[in-house]
Amino acid sequence: MRQSLVVANVLARPMRTLATVLAIAMEVVLILLVVGLTRGMVNENAKRLEGVGADIVLQPPGSSFLLASSTAAMPEKVAELLAGIEGVSSVSPVMVQLNVQGGVGLIYGIDLDSFTRVTRGFTFLQGRAFQAPYEMIVDDIHANSKKLQVGQVAEFLNHSFRVTGIFEHGKGSRVFLPLRTVQELTGTPGKVSLMFIKCDSPEEIPPVVARLKEKLKGYTILPMNDFVSQVSSASNNLVALRYFLNTVIFIATVVGFFAIFLAMYTAITERTREIGILKALGASKQFVLAVFVKESLLLCAAGLIGGVALSFAGKWLLGRVLPSLQVELSTDWMVKAGLIALLSSSLGGLYPALRAARQDPVDALAYE
Amino acid sequence: MKNILEALDVKKVYKIGRIEVAALQGVSIRMREGEFVSITGPSGCGKSTLLHILGGLAKPSSGQVIIDGEEISSVKDSARTDIRRRKIGFVFQRYNLLPTLTAGGNLQIAREIFGNGDRDDSHVQEVLKLLGLEKKVQHKPSEMSGGEQQRVAIARAVINKPAILLADEPTGNLDTENSHLVLSMLQELNRTFGQSIIMITHNPEAASVGNRLVEMRDGRIVPHERDVSFNRREDTIYI
Ligand SMILES: Nc1ncnc2c1ncn2[C@@H]1O[C@H](COP(=O)(O)OP(=O)(O)O)[C@@H](O)[C@H]1O
Ligand SMILES: [Mg+2]
């Protein structure tokens, strides 16, 4: 029976091995869950936009795809002009507002009639649409995570709104307020941030886009598909988001590095005699180096497997506890997390391994 | 018979800060293939230092060591390691088995280091049998007695058929019975397989097992020698 020194060494210290493997697993979980959360958010956002059911999105010059910092606005009257264009069946002006009360999200101020025409309406799970200026509707996920029920009151734009209905999610935003109220509260009467446009038929989309471009120079006019993918890639490339992800990945890498470094560093001290024994048997520097590097890599591999498993468990758990959070675990990021773990483990294991390889055999054998 | 080992005016100075300890002050020794040399001498006289240098574990401050035709004292660390791997088997007082491996694993790793790990192991079985270890293959060092551990260590030292077996007080930690056993095994290896052996020992009985006795004092070989079986005084050059 063949026995591997590397495996035997790893098994000889089960607690130390477990702790190290868990630390590497945490590194992987940290990367996968944080990346998975941001990607889930972005994709969920994209899906919700698609769910609006519009064919074309029109934005005034200088607006961002994210709509989050949208200061640009266009006159609501543009809608009338659009409605007269050949191939356009309906137009819905929307005022988008960034809401930072109790989490970050977008609020839509809509004109209920035109929005219903473009999107074929809401499916209400409870209650009805808003009618009064200080009423609102929210989707089921928002209602669930904020524990909101029909008849209750919530704060938006520093005002209280009464929930009149809870609708099935997937209609662009989770929260809808009356357009007039949003315009008043933001001091921009008669202005909107975008228009959703519905065409007579899907074949009409390209010619309508062309006609709109001719009429409205400088405006951003995109078929819904393009708009959605632009929003997604713009969110993915947000500088703040990149910084955040890079910071998380960096911290995770450092955690993995130190986990392996400490484990291997203490291991060489603990195994000084054994290094001397290997050398007395004629083991070269490379052989000793390989023994320790392989051990780091074995710990890393175990940590990676554990990390991926824990990430799936984490995704499941998050889904139960916070249903509004979407986690997307992608294979390409599992590979990336694996490479990052590999990098931190190799770097963490290298110095101890080099030290081990350089040990003087006689000194090592005399070590108590 | 050819010379299996030759040491010429080997000196070793240890530096501890500013203090210099002359552990070997010019040792010369010549050994023929198939000899079993015992080295005795008081503690601190330089026996272990000499053995480490002869086996290429340490470098002499000056002088020459030639093992089986290869000069090892002036070559680079990596070359000395390589010669050690191919030509030398070490046995120590403290057994020095790898604690996480079984007896079989300890033999296996020696073969792997030698570059023989994948070859058939009929030779391994032979050695295990000779040393009475067939039943201990799956045992870890912590599950074996000192005598058993030392026998595994001897098996490991000879598994790759080294030119010379170097043993540093191999019976130093053993009781009389196990000492007997280990010594008779070394003798058996020497007689049956013609294994060349150098053994350091304090034990007078152990010293008589070999066929030549070398005495050391203060980093030198004492210039009188009892050649137990051959009476070949000229084999040792005194300086
Ligand atoms: N690594 C070392 N550093 C400094 N002095 C040493 C070292 N190893 C041995 N010595 C000294 O060298 C002398 C010979 O030691 P050693 O070869 O171990 O003797 P022996 O094996 O005969 O007891 C002793 O005085 C010892 O203290
Ligand atoms: Mg000694």
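What counts, and at which threshold
Residues numbered from 1 in each chain as written. Chains lettered and ligands numbered in written order. Predicted model: local features only at pLDDT ≥ 70, side-chain atom pairs only at ≥ 80, totals over all residues. Heavy atoms only, no water. pLDDT = per-residue confidence, 0-100. Helix = DSSP H or I, 4+ residues; strand = E, 2+ residues; numbered from the N terminus. Domains from an automatic or database assignment. Contact = heavy atoms within 4.5 Å. Polar contact = N/O pair within 3.5 Å; in protein donor to acceptor, adjacent residues only side chain to side chain. Pairing = 2+ DSSP bridges. Axes fitted to C-alpha atoms, helices over the stretch in contact; angles between N-to-C directions. Buried < 20%, exposed > 50% of the residue type's maximum accessible area, 1.4 Å probe, protein only. Arc of directions from axis to C-beta. Near = heavy atom within 4 Å. Areas by Shrake-Rupley, 256 points an atom, 1.4 Å probe, with all protein chains shown as cover. Nonpolar A, V, L, I, M, F, W, Y, C, P; charged D, E, K, R; others polar. Salt bridge = Lys/Arg side-chain N within 4 Å of Asp/Glu carboxyl O.

## As for the confidence of the model for chain A
Phase 1 of the analysis: Averaged over all residues, the pLDDT of chain A is 90; the fraction at 70 or higher stands at 96%.
Phase 2 of the analysis: No element of chain A has a lower mean pLDDT than helix α8 (residues 224–236) of chain A, which averages 84, and none a higher one than helix α10 (residues 272–280) of chain A, which averages 96.

## Considerations on the domain arrangement of chain A
Interface extent is often summarised as the accessible area lost during association of the parts.
Phase 1 of the analysis: Under the domain assignment used here, chain A contains domain 1 (2–43 + 239–365) and domain 2 (61–218).
Phase 2 of the analysis: Placing a centre on the C-alpha atoms of domain 1 of chain A and another on those of domain 2 of chain A gives a separation of 48 Å.

## Structural notes on the environment of A:S114
Residue and element names in this part refer to chain A.
Phase 1 of the analysis: In this structure, S114 sits in helix α4 (residues 112–119).
Phase 2 of the analysis: Along the sequence, S114 and V153 sit 39 residues apart, while their C-alpha atoms lie 26 Å from each other.
Phase 3 of the analysis: The contacts of S114, once residues within four sequence positions are left out, are V91, S92 and P93.
Phase 4 of the analysis: At 3.3 Å, the side chain of S114 and the side chain of S92 are in polar contact.

## Let's talk about the sheet that holds strand β4 (residues 62–67) of chain B
Residue and element names in this part refer to chain B.
Phase 1 of the analysis: With antiparallel pairing, four strands are arranged side by side in an open sheet as β2-β1-β4-β5. Among the strands making up the open sheet, the edge pair consists of β2 (19–32) and β5 (70–71).
Phase 2 of the analysis: Note: strand β1 (residues 3–16) against β4, five bridges, orientation antiparallel. When the bridges of β4 are listed, K11 appears paired with S62.

## Considering the sheet that holds strand β8 (residues 196–200) of chain B
All names here are of chain B.
Phase 1 of the analysis: The six strands are arranged β6-β7-β8-β3-β9-β10 in an open sheet whose pairing can be described as mixed. One side of each edge strand has no neighbouring strand; the edge strands of this open sheet are β6 (88–91) and β10 (220–221).
Phase 2 of the analysis: The pairing of strand β7 (residues 164–168) with β8 spans five bridges and is classified as parallel. Counterpart to D168 in the pairing with β8 is I200.
Phase 3 of the analysis: Strands β3 (36–40), β6, β7, β8 and β9 (212–217) of the sheet are contacted by helix α1 (residues 47–54), whose axis makes an angle of about 155° with β7.

## With respect to helix α2 (residues 77–87) of chain B
Phase 1 of the analysis: Among all positions of α2(B), only B:R80, B:T81, B:I83, B:R84 and B:K87 are buried. Considered in projection along α2(B), the buried side chains sweep an arc of 165° and stay on one side of the axis.
Phase 2 of the analysis: In this structure, the buried residues of α2(B) make contact with α10 and α13 (361–366) of chain A together with β4, β5, β6 and β7 of chain B.

## Here's the deal with the site of ligand 1
Residue and element names in this part refer to chain B.
Phase 1 of the analysis: Taken together, Y14, I16, V21, A23, P42, S43, G44, C45, G46, K47, S48 and T49 form the complete shell of residues around ligand 1.
Phase 2 of the analysis: Taking K47, its main chain carries an N or O atom lying 2.9 Å from an oxygen atom of ligand 1.
Phase 3 of the analysis: Take S48: an N or O atom from its side chain is 2.7 Å from an oxygen atom of ligand 1.
Phase 4 of the analysis: Here ligand 1, which alone exposes 550 Å², has 65% of that area covered by the protein.
Phase 5 of the analysis: Elements supplying a minimum of two residues to the shell around ligand 1: β1, β2 and α1.
Phase 6 of the analysis: A per-element tally of the shell around ligand 1 places α1 first, with three residues.
Phase 7 of the analysis: Looking at side-chain class alone, the shell around ligand 1 contains six nonpolar, five polar and one charged residues.

## With respect to the interface of chain A and chain B
Phase 1 of the analysis: Contacts between the two partners involve 24 residues from chain A and, on the opposite side, 26 residues from chain B.
Phase 2 of the analysis: Across the chain A-chain B interface, the total number found is zero salt bridges.
Phase 3 of the analysis: Those elements giving two or more residues to the side of chain A that touches chain B turn out to be α1 (5–12), α10 and α13 of chain A.
Phase 4 of the analysis: The leading source of residues in the side of chain A that touches chain B is α10(A), at six residues.
Phase 5 of the analysis: Residue composition of the side of chain A that touches chain B, by class: 14 nonpolar, five polar and five charged.

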